[in-house]
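Each chain is listed here by its residues.
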Amino acid sequence: MAETSRQEQNLRVAIIGGGISGLTAAQQLASLGYDDVVIFEEDTDVGGKIKTFEYEERPYELGALIFNHECPNVLQLAYRYGQPYFAAGKPLLIEQDGTVLTYQELIKQRYGYLSFLAAAYRMLYGRISHPHERDLGFANQDPCLFRPMEEFADVHHIEAATDCIDSFLTGCGYGYYEDIPALYLMKLAPVILKELIASGLSIGEHQGWSIFQNGWQEICRQMAGDLVVRLSSPVTQIRRAGANDVEITANGVTERFGRVILAMPLDEALKFLDATPLEQDLFQRIRYHRYLVTLVEGEGLFTASFKAHVTIDSIGHINFIVQPYADRPVFQLYQLLGQNLKVADALTLAQQDIAKINGKITKIITQKEWRYFPHVTMQDLSHGYYDLLESMQGNNDTYYIGAILSFETVEQTAAYAKDLITRNFGRVRLRATDLAPQRYAGDGKYNQARSEQLRSIERRI
Ligand SMILES: Cc1cc2nc3c(=O)[nH]c(=O)nc-3n(C[C@H](O)[C@H](O)[C@H](O)COP(=O)(O)OP(=O)(O)OC[C@H]3O[C@@H](n4cnc5c(N)ncnc54)[C@H](O)[C@@H]3O)c2cc1C
């Protein structure tokens, strides 16, 4: 563990956002000896996109749901707080006409095991995916990843593997191979693929995807119990007044801090942050998906992704159905809504999709629409978006964490937050961009030279 000087430890640190990123950052600061860290959370509870809903004495997840053995930070929390978890069960696949099949049947029918395994090997141990999957964040990445997943899979001859997991990735709300850059999807695709192979081979004690028995939000509450968290405290102004002097206003009260960490949607922070031109420019480029979760009672339903709903033209249709408890007919429905679809119309589409498998919804329990999966366009990526964003860490006593920097999973957001704190608040400071030349010219615009450089690397590839 990096050590920290006494002077640094005396700094007051404000964290805006009590989701897993903010909570993890605060825990890591505490472990480095910082004893004046305050989390501001606008909601009445901690968790953010970790949101557990109680129904008939069982917890259901309206936000983050599953994790597996490739999530060391999540597992550490489970052990630390003694939180049990159980196997989520193996999902099935539903074809366009309602036919239901297993992943093994899909592989056998479409590609055969040998082609699948060859593609899987290339994807897991190939030149590009392997280091990228392990890197935290998105800076200094190969421009080959700045193209749609579909094109990336084609160029690298890995379609036999990526096609088998497309409905899982789309089901998890990350969008479509046609338009989401491989940079994002390749953060999770290898994990899903390994899980598919391990569950197919039924290796030993392999548990597969897991769900927390007491609900995921309970862990956030336990984390908060060790920290200073101000609930119902929306931050309404941040003024960076000078070195080690950040003024934060919440509920009409202004306090001074030495550092601020933004652990909330960065584009929303523009409403109250004295943003620099570069912050303005980068944050307003962030896009989201509308992702709807509906908790229902139903008949004839089961855990499955819709293989036919992996292209943009199927927007609004059900992507995933999850039955968390085998002994309860309660299901979570997941739908990507696009820009304009009304929630009521999404329900009609869901009913049609469910009718194809001879199922039906008998009761709607609750619904939650999310602004989900912050990301930027391919063009922004090739203009060096992440290299710029990372190069800003620490400027004006400000740091940024959360899914835009690390990818929208609990594991990735927690791992990134922990690593950022260790690198920047421990004795030895390292920025992700320290090894790269300074790219930002200081005029609030993208650095043309950098985008040229990236394009020429891409041409060589
Ligand atoms: C439907 C759904 C399913 C998911 N499934 C999974 C899954 O199965 N597995 C997995 O690993 N991940 C999953 N995720 C993703 C995971 O939940 C998120 O990536 C992660 O929780 C993000 O945490 P965060 O702290 O970065 O952001 P957030 O959780 O968004 O936290 C940001 C916090 O900032 C607060 N805030 C905003 N503005 C202000 C303000 N002005 N002042 C004070 N506070 C403010 C918000 O209230 C919020 O609490 C899912 C997410 C959703 C929505």
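Anything mentioned here points back to the structure above.
Residues numbered from 1 in each chain as written. Predicted model: local features only at pLDDT ≥ 70, side-chain atom pairs only at ≥ 80, totals over all residues. Heavy atoms only, no water.

Colleague: For this particular structure, what's the right way to read the packing of aromatic side chains?
Modeller: Geometry of an aromatic ring pair is reported as the spacing of the ring centres plus the angle between the planes. Evaluation of the coordinates by the stated rule reveals 26 aromatic pairs. Judged by centre distance (5.1 Å) and plane angle (70 degrees), the ring pair of F138 and Y184 falls under edge-to-face. In this pair, F138 is assigned in the loop between α6 (129-134) and α7 (149-155) and Y184 in helix α9 (residues 182-185), connecting sequence segments 46 residues apart. Comparing F138 with Y184, the two get one shared label, buried. Ring pairing ties together the aromatic residues F138, Y174, Y184, Y291, Y334, Y372, F373, Y385, Y386 and F407, which thus form one cluster. The ring of F257 is capped by R12, whose NZ or CZ atom sits 4.3 Å from the centre of that ring. (Phe/Tyr/Trp six-rings, centres within 6.5 Å; stacked < 30°, edge-to-face > 60°. Helix = DSSP H or I, 4+ residues; strand = E, 2+ residues; numbered from the N terminus. Buried < 20%, exposed > 50% of the residue type's maximum accessible area, 1.4 Å probe, protein only. Lys NZ or Arg CZ within 6 Å of the ring centre and 35° of its normal.)

Colleague: Which parts of the structure should I look at to understand the sheet that holds strand β14 (residues 287-299)?
Modeller: To summarise the sheet geometry, strands pair through backbone hydrogen bonds and adopt either a parallel or an antiparallel arrangement. If you trace the 7 strands from one edge of the open sheet to the other, you get β7-β6-β15-β16-β17-β14-β18, paired in mixed fashion. Only two strands of the sheet have a single partner each, and these edge strands are β7 (100-101) and β18 (360-375). Sheet topology places strand β16 (residues 318-322) next to strand β17 (residues 330-336); 4 bridges connect them, and they run antiparallel. Across the sheet, the residue bridging to V322 is Q332, located in β17. Strands β14, β15 (304-306), β16, β17 and β18 of the sheet are contacted by helix α14 (residues 343-356), whose axis makes an angle of about 120 degrees with β18. (Pairing = 2+ DSSP bridges. Contact = heavy atoms within 4.5 Å. Axes fitted to C-alpha atoms, helices over the stretch in contact; angles between N-to-C directions.)

Colleague: How should the sheet that holds strand β2 (residues 37-40) be read in this particular structure?
Modeller: With respect to topology, 5 strands assemble into an open sheet ordered β9-β2-β1-β13-β19, the strand pairing being parallel. At either margin of the open sheet sits one strand with a lone partner, and together these are β9 (228-230) and β19 (398-400). Strand-to-strand, the axes of this sheet are offset by a mean angle of 20 degrees, without reference to chain direction. Sheet topology note: the strand β1 (residues 13-16)/β2 ladder contains 4 bridges and is parallel. In the sheet register, A14 faces β2, and the bridge partner there is V38. The strands touched by helix α18 (residues 410-425) are β1, β13 (259-262) and β19; relative to β19, the strand with the most contacts, the crossing angle is about 150 degrees.

Colleague: Please explain the site of the ligand as it appears in this structure.
Modeller: Around the ligand there are 35 residues in total, and S21, E41, K49, I66 and E408 lie nearest to it. The contact in question runs from an oxygen atom of the ligand to an N or O atom on the backbone of L65, over 3.0 Å. Here an oxygen atom of the ligand and a side-chain polar atom of E408 are 2.5 Å apart. Notes on the ligand: free accessible area 1000 Å², of which the protein chains cover 92%. (Near = heavy atom within 4 Å. Polar contact = N/O pair within 3.5 Å; in protein donor to acceptor, adjacent residues only side chain to side chain. Areas by Shrake-Rupley, 256 points an atom, 1.4 Å probe, with all protein chains shown as cover.)

Colleague: So what exactly am I meant to see when it comes to unusual backbone geometry here?
Modeller: For residues besides glycine, phi is generally negative; the peptide bonds are generally trans as well. Phi angles above zero are rare outside glycine, and N140 is one such case at about 50 degrees. Mapped onto the secondary structure, N140 falls in the loop between α6 and α7. Among the residues examined, N140 registers a relative accessible area of 35% and is labelled partly exposed.

Colleague: Honestly, the environment of E218 in this entry has me stumped. Any pointers?
Modeller: Looking at the element boundaries, E218 is found in helix α11 (residues 216-225). The partly exposed category is assigned to E218, whose relative accessible area is 29%. Taking the C-alpha atoms as reference points, E218 and G47, 171 residues apart in sequence, are found 8.7 Å from one another.

Colleague: Just to check I follow, could you spell out the nonpolar core for this structure?
Modeller: Nonpolar side chains in soluble globular proteins generally cluster together in the buried interior. Judged by nonpolar contacts, the single largest core of 125 residues is most densely connected at I15, I238, I248 and Y386. Shared between two domains, this core takes at least three residues from each, and those domains are domain 1 (6-47 + 217-285 + 377-460) and domain 2 (103-201). Beyond its immediate stretch of four places on either side in the chain, I15 contacts G22, A25, A26, L29, V37, V38, I39, F40, I261 and A263. If you look at the next biggest cluster of nonpolar residues, it comprises 13 residues, including I94, A304, F331 and I354. (Core = buried A, V, L, I, M, F, W, Y, C linked by side-chain atoms within 4.5 Å. Domains from an automatic or database assignment.)

Colleague: When you look at helix α2 (residues 20-31) in this model, what are you seeing that I'm missing?
Modeller: Turn by turn, an α-helix covers 3.6 residues, leaving residues three or four places apart pointing in a common direction. For α2, spanning 12 residues, the distance from its first C-alpha to its last is 16 Å, which sits close to the expected 16 Å at 1.5 Å a residue. Along α2, the residues that are buried comprise I20, S21, G22, L23, T24, A25, A26, Q27, Q28 and L29. For α2, the elements touching its buried residues are β1, β2, α3 (72-80), α11, β13 and α18. Where α2 ends, the next residue or the one after it, G33, has phi of about 100 degrees, a positive value. (Expected span 1.5 Å × (residues − 1).)

Colleague: Looking at this structure, how should I read the pattern of salt bridges?
Modeller: Once their charged atoms are close, side chains differing in charge can pair, the charge on each being opposite to the other. According to the stated counting rule, one finds 25 salt bridges in the structure shown. Two residues, R12 and D36, come together in a salt bridge whose shortest N-O distance is 2.9 Å. Within this pair, whereas R12 is found in the loop between α1 (6-9) and β1, its partner D36 is found in the loop between α2 and β2, the two being separated by 24 residues in sequence. Take R12: its relative accessible area is 24%, and that puts it in the partly exposed class. Judged by its relative accessible area of 26%, D36 falls in the partly exposed class. Across the pair E70 and K194 runs a salt bridge, and its minimum N-O distance is 3.4 Å. (Salt bridge = Lys/Arg side-chain N within 4 Å of Asp/Glu carboxyl O.)

Colleague: Even after reading the chapter, I still don't get the packing of helix α5 (residues 113-125) against helix α8 (residues 159-171), so can you show me in this structure?
Modeller: When two helices pack together, their arrangement is given by the angle between the helix axes and by the axis-to-axis distance. As a packed pair, α5 and α8 sit with axes 7 Å apart at the nearest point and diverge in direction by 90 degrees. Taken together, the axes of α5 and α8 lie roughly perpendicular to each other. Two secondary-structure elements touch here, α5 through S115, F116, A119, A120 and M123 and α8 through A160, A161, T162, C164 and I165. Residues of the contact of α5 with α8, tallied by class, amount to 8 nonpolar, 2 polar and no charged. (Parallel < 35°, antiparallel > 145°, perpendicular 65-115°, else oblique. Nonpolar A, V, L, I, M, F, W, Y, C, P; charged D, E, K, R; others polar.)

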